[in-house]
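Residue-level listing of the chains:
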Amino acid sequence: MSADVELDHLTIRFGNFIALSDANLRIPAGSFFSFLGPSGCGKTTILRAISGFLDPSEGHVRIGGEDMAGIPPNNRPTALIFQNLALFPLMKVWENIAFGLEVRRVPKAQRRERAQELLELIALPNQGEKLVSELSGGQRQRVAIARALAVEPEVLLLDEPLSALDLKLRQHMRTELRAIQQRVGITFIYITHDQGEALIMSDQIAVMSQGVIQQIGSGPDIYENPKTPFVASFVGENNAFAGRVASADAGHAAVETIFGALRGRNPAGLKVGDQAVLFVRPEILQLGAGTQGNALKSKVLAKEFEGFASHIHLANSQGERHISFSTSQEEALGISPGEEATVHFSPDRAIALPQGELAHE
Amino acid sequence: MSSAALTRVMTLFYVALFFAYLFGPLVLMGISAFNTEKYPTAVPWSGFTLEWFNKLFNDTDLVRGFQNSLIIGAGVVVLSVPIGLAAAIIMSQLHKRARSIYYAVVLSPMLTPGVIIGISTLVFWDRLGTALDAEWDTFFYDGIFLSILGQTSFISTFCMLIFIARLQRFDRAQEEAALDLGASHLRVFFRILIPFLRPAVFAAIVLAFLTSFENYNTTVFTIVSESTLTTVLAGKVRLGTDPSISALAVLIILITLVGATAIELRKRAEERKIAAQLAAEKGL
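Because the structure is predicted, anything quoted here is derived from the model rather than measured.

Just checking my understanding: could you explain the overall build of chain B for this structure?
Counting its regular elements, chain B contains eleven helices and zero strands. Across chain B, helices and strands are ordered from the amino to the carboxyl terminus as α-α-α-α-α-α-α-α-α-α-α. Compactness check: chain B gives a C-alpha radius of gyration of 25 Å against a globular reference of 19 Å for 284 residues, more than 25% above the reference. Seen along its three principal axes, the alpha-carbon backbone of chain B occupies a region of about 75 × 75 × 40 Å. Residues classed as buried in chain B amount to 28% of the 284 residues present. A sequence separation of at least 24 residues applies to 76% of the contacts in chain B between residues at least 6 apart.

In structure tokens form, the structure reads like this:
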């Protein structure tokens, strides 16, 4: 069984501080949904409200169409995976997994059997008799998932469960988590500040900043069509050029930047004279002047080598770092710091948005 | 004599002095328990006897006092361990400012002189009994009941401190995880919190019992017409004594030694087990 989750004008305040402001969204049953945002953006607050550890100040949480107001965490069809996992150190692995069943007074033989099945699901057969402390970080991770799945929740909530793992394991667990979700077919709601995790695993992502949901969409949609400067600068790398709109039509706007007028798409309907920010992703920048305009003359500030690619940082005439982009090793060979360089980009792939909050690195 | 040799000699002398100071009285008392002399003394040695042990077991006052001490100790454990635990849990849930006020309040019995706790317990229940027109044989005037209450008032604070120390290492997320998996608060308490606190519960029981057992200055007031081991002993010392007290001391020392050795042996066995496990894992 899997249920959809609906947030209806959900607001949560702590005293005067608004942790979450008027969140409205519907998470379809059986999907993998991520809340993505920097720390302190209110994403954990949302998770605790859905699981029942926090009461809404205003609005409603509905799971499977049912209003959850007044229903405590132990009676909700949700299971939460904690950031530090919160496994029970004094119980064996199988007892950990079967704890939810023990609570529901399932006979011991059945509990063992179910724990065994789940251990196989998470690829840890025959580890049931161990103590949690005898497992590695990735194994504990999977035990925490099995423990949550044992109670057959309709919605599984995950609070940055991968943040404590090292890079390789984290990359492996991303794939693993997605595979588990597709096997069990229940709704996964995932909290993370790591855009890579969100983009790889999710059907849909909600990007958050300062208690406000900025945009909801699929990974490619959020990446290609950011609605706010925050989303554009938080999700993926982006070069931001602020300036006034010099000319605009239905499809494109030209922004007067320190590199001259540069053109990009204009989904927000900017008008001449508006303050705007033009976002240019590093991967759309190409060396050379191109044919469609949109060429930036600059100086090479630094070159960084990172295996599959080299990152080039370009400066404007004042020597300030303004543009970063990546290029293949062959191309990078022809560039060295201090030299002049010209790059260009296609106006259809850059995007101009009204001025607003940017994400801080 | 070289200075190194001098240092060595002085160190040995100091260590000898230290142990003599620590164990001298116990040794002398131990010897006196087996000496035929009428007063507890190691010299002059006038012959070996077990008579004082015989006398000890036939001393009805002492035996009764000892029994009362056991009963009071058990009563204090039963009351102060749960109270201490509850107080510690409340402490762990309070916010900062309330916590320091609460801490001062619950710690105050420990800082109050035992004599005052004894007298006030006695006076309070006596007044209450009088006000309610209670008979003399009701619990308002019962020494064992009053001693248990009087001692509990500060021993539960000791227990609380033990539990607070352990609770500080408790990961609250475990509690939330258990709740989230459907457990009731009661089950979280018994299945998650109590197992975690088990070493502290054991320590609190031992501490509460021993503190109660050896308490004198509160008990001497609250015990009224009854007696405990400590009050009987105090009475004996005042009236002049015989070596049966030494015999009692020897027994208590023996019990302590056996208990301490047993715990130490168990601890070492566990350490060996863990070491063996670690070695086995490294071998893999």
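There's more to say after this.
Please clarify how the sheet that holds strand 9 (residues 204-209) of chain A should be interpreted in this entry.
Strands belonging to one sheet form pairs held by backbone hydrogen bonds; the direction of such a pair is parallel or antiparallel. Residues and elements named next belong to chain A. Across the sheet, six strands lie side by side as 6-7-8-3-9-10; this open sheet has mixed pairing. This sheet does not close on itself; its edge strands, each paired only once, are strand 6 (78-81) and strand 10 (212-217). Strand-to-strand twist in this sheet, taken as the mean axis angle between neighbours without regard to direction, amounts to 15 degrees.

Would you mind going over the environment of G243 of chain A with me for this structure?
Along the polypeptide, G243 of chain A turns up in strand 11 (residues 239-248). With 202 residues separating them along the chain, G243 of chain A and C41 of chain A place their C-alpha atoms 28 Å apart.

Looking at this structure, I do not really get the environment of F196 of chain B. What am I missing?
For F196 of chain B, the position within the fold is in helix 8 (residues 185-213). Taking the number of C-beta atoms within 10 Å as the measure of exposure, F196 of chain B has 19 and is therefore partly exposed. Spatially, the C-alpha atoms of F196 of chain B and L167 of chain B are 8.7 Å apart, while their sequence positions differ by 29 residues. Setting aside residues no more than four positions away along its own chain, F196 of chain B makes contact with L90 of chain A together with F170 of chain B.

Explanation requested: the interface of chain B and chain A in the structure shown.
Quite often, the size of an interface is put as the accessible area lost when its parts meet. With 16 residues of chain B at the interface, the matching set in chain A holds 16 residues. Mapped by element, the contributors of at least two residues to the side of chain B that touches chain A are helix 7 (172-180) and helix 8 of chain B. Ranked by the residues each element gives to the side of chain B that touches chain A, the list is headed by helix 7 of chain B, at seven residues. Residue classes in the side of chain B that touches chain A are distributed as nine nonpolar, three polar and four charged.

Would you mind showing me how to read helix 7 of chain B here?
Counting along an α-helix, one turn takes 3.6 residues, and residues three or four places apart therefore face a common direction. Within helix 7 of chain B, burial applies to Q174, A177, A178, L179 and D180 of chain B. In this structure, the buried side of helix 7 of chain B is in contact with helix 1 (43-51), strand 6 and helix 3 (99-103) of chain A together with helix 8 of chain B. In the stretch just after helix 7 of chain B, G182 of chain B is the one whose phi turns positive, near 105 degrees.

What should I look at first to understand the sheet that holds strand 5 (residues 66-67) of chain A in this one?
Residue and element names in this part refer to chain A. Taken in spatial order, the four strands of this open sheet run 2-1-4-5, and their pairing is antiparallel. Among the strands making up the open sheet, the edge pair consists of strand 2 (17-27) and strand 5. Bridge count between strand 1 (residues 5-14) and strand 4 (residues 58-63): five bridges; the pairing is antiparallel. Across the sheet, E6 pairs through a bridge with R62, a residue of strand 4.

Sorry, what's going on with the nonpolar core here?
In this structure, I97, L157, I189 and L278 of chain A are the most contacted members of the largest nonpolar core, which totals 106 residues. In terms of residues, this core owes the most to one element, helix 5 (residues 137-150) of chain A, which gives seven residues. With near-sequence residues (within four places) excluded, L157 of chain A lies in contact with L47, I50, S51, T78, A79, L80, I81 and I189 of chain A. In terms of nonpolar packing, the next biggest core, distinct from the first, is built from 22 residues, V81, A87, L167 and F209 of chain B among them.

So what exactly am I meant to see when it comes to helix 6 (residues 143-167) of chain B here?
Between its terminal C-alpha atoms helix 6 of chain B stretches 35 Å, which fits the 36 Å expected from 25 residues at 1.5 Å a residue. The largest bend along helix 6 of chain B reaches roughly 40 degrees and is located at T152 of chain B.

Explain the pairing of strand 14 (residues 275-280) of chain A to me, please; I cannot follow it from the model alone.
Note on strand geometry: in a regular strand, side chains alternate between the two faces of the sheet. Residue and element names in this part refer to chain A. Of all the six residues making up strand 14, five are buried; the element is thus mostly covered by neighbouring parts of the structure. Two strands pair when backbone bridges link them, and strand 11 and strand 14 are joined in this way by six bridges, in the antiparallel orientation. Bridge pairing links N239 to V280 in strand 14. In the sheet, strand 14 pairs with strand 20 (residues 351-354) via four bridges, with the strands oriented antiparallel. If you follow L278 over to strand 20, its bridge partner there is A352.

Is there a simple way to explain unusual backbone geometry in this structure?
A negative phi holds for most residues other than glycine; trans holds for most peptide bonds. With an omega of -5 degrees, the peptide bond running from V43 of chain B to P44 of chain B counts as cis. Examined against the element boundaries, P44 of chain B turns out to sit in the loop between helix 1 (3-32) and helix 2 (51-58). A positive phi is found at D22 of chain A, a non-glycine position, where the angle reads about 45 degrees. Position of D22 of chain A among the secondary structure elements: in strand 2. C-beta crowding within 10 Å serves as the criterion here: with 15 such atoms nearby, D22 of chain A is assigned to the partly exposed category. The backbone of E160 of chain A sits at a positive phi, close to 40 degrees, despite the residue not being glycine. Tracing the backbone shows E160 of chain A in the loop between strand 7 (155-159) and helix 6 (167-184). The exposure class assigned to E160 of chain A is buried, which follows from the 20 C-beta atoms found within 10 Å.

Would you mind going over the confidence of the model for chain B with me for this structure?
As a general rule, the predicted coordinates of low-pLDDT regions are not to be interpreted in detail. Residues and elements named next belong to chain B. Of the residues in chain B, 98% reach a pLDDT of 70 or more, and the chain-wide mean stands at 88. At the low end of the mean pLDDT range in chain B sits helix 11 (residues 244-283), at 83; at the high end sits helix 6, at 93. For this predicted complex, the interface confidence reaches an ipTM of 0.75, while the overall pTM sits at 0.74.

What am I meant to see in the packing of helix 5 of chain A against helix 6 of chain A here?
Two quantities define a packed helix pair, namely the angle between the axes and the distance from one axis to the other. Residue and element names in this part refer to chain A. Two numbers describe how helix 5 lies on helix 6: the axes approach to 11 Å, and their chain directions differ by 20 degrees. With respect to each other, helix 5 and helix 6 are oriented roughly parallel. Every pair of crossing elements has a handedness; the one defined by helix 5 and helix 6 is right-handed. Of the residues in helix 6, those touching helix 5 at G137, G138, Q141, I145 and L149 are L169, M173, I180 and V184. In terms of residue class, the contact of helix 5 with helix 6 is built from six nonpolar, three polar and no charged.

Even after reading the chapter, I still don't get the environment of I164 of chain B, so can you show me in this structure?
All names here are of chain B. Looking at the element boundaries, I164 is found in helix 6. Along the sequence, I164 and T231 sit 67 residues apart, while their C-alpha atoms lie 33 Å from each other. Look past the residues within four positions of I164 in its chain and what remains in contact with it is A88 and M91.

Got a minute to help me understand the pairing of strand 12 (residues 252-257) of chain A in this structure?
Residue and element names in this part refer to chain A. By the bridge criterion, four bridges tie strand 11 to strand 12 in an arrangement that is antiparallel. Bridge pairing in strand 12 places A248 opposite A253. Looking at chain direction, strand 12 and strand 13 (residues 260-265) are connected through six bridges and run antiparallel. Residue pairing in the sheet places V255 in a bridge with L262 of strand 13. Counted along the chain from strand 12 to the antiparallel partner strand 13, the turn is two residues long.

Rules used throughout
- Residues numbered from 1 in each chain as written.
- Chains lettered and ligands numbered in written order.
- Predicted model: local features only at pLDDT ≥ 70, side-chain atom pairs only at ≥ 80, totals over all residues.
- Helix = DSSP H or I, 4+ residues; strand = E, 2+ residues; numbered from the N terminus.
- Rg over C-alpha atoms; globule rule 2.2 N^0.38 Å.
- Buried ≥ 20, exposed ≤ 12 C-beta atoms within 10 Å, placed from the backbone.
- Contact = placed C-beta atoms within 7 Å.
- Pairing = 2+ DSSP bridges.
- Axes fitted to C-alpha atoms, helices over the stretch in contact; angles between N-to-C directions.
- Nonpolar A, V, L, I, M, F, W, Y, C, P; charged D, E, K, R; others polar.
- Core = buried A, V, L, I, M, F, W, Y, C linked by C-beta atoms within 7 Å.
- Expected span 1.5 Å × (residues − 1).
- Bend = angle between axes of the 7 residues up to and from the residue.
- pLDDT = per-residue confidence, 0-100.
- Parallel < 35°, antiparallel > 145°, perpendicular 65-115°, else oblique.
- Left-handed = near helix turned anticlockwise from the far one by under 90°.

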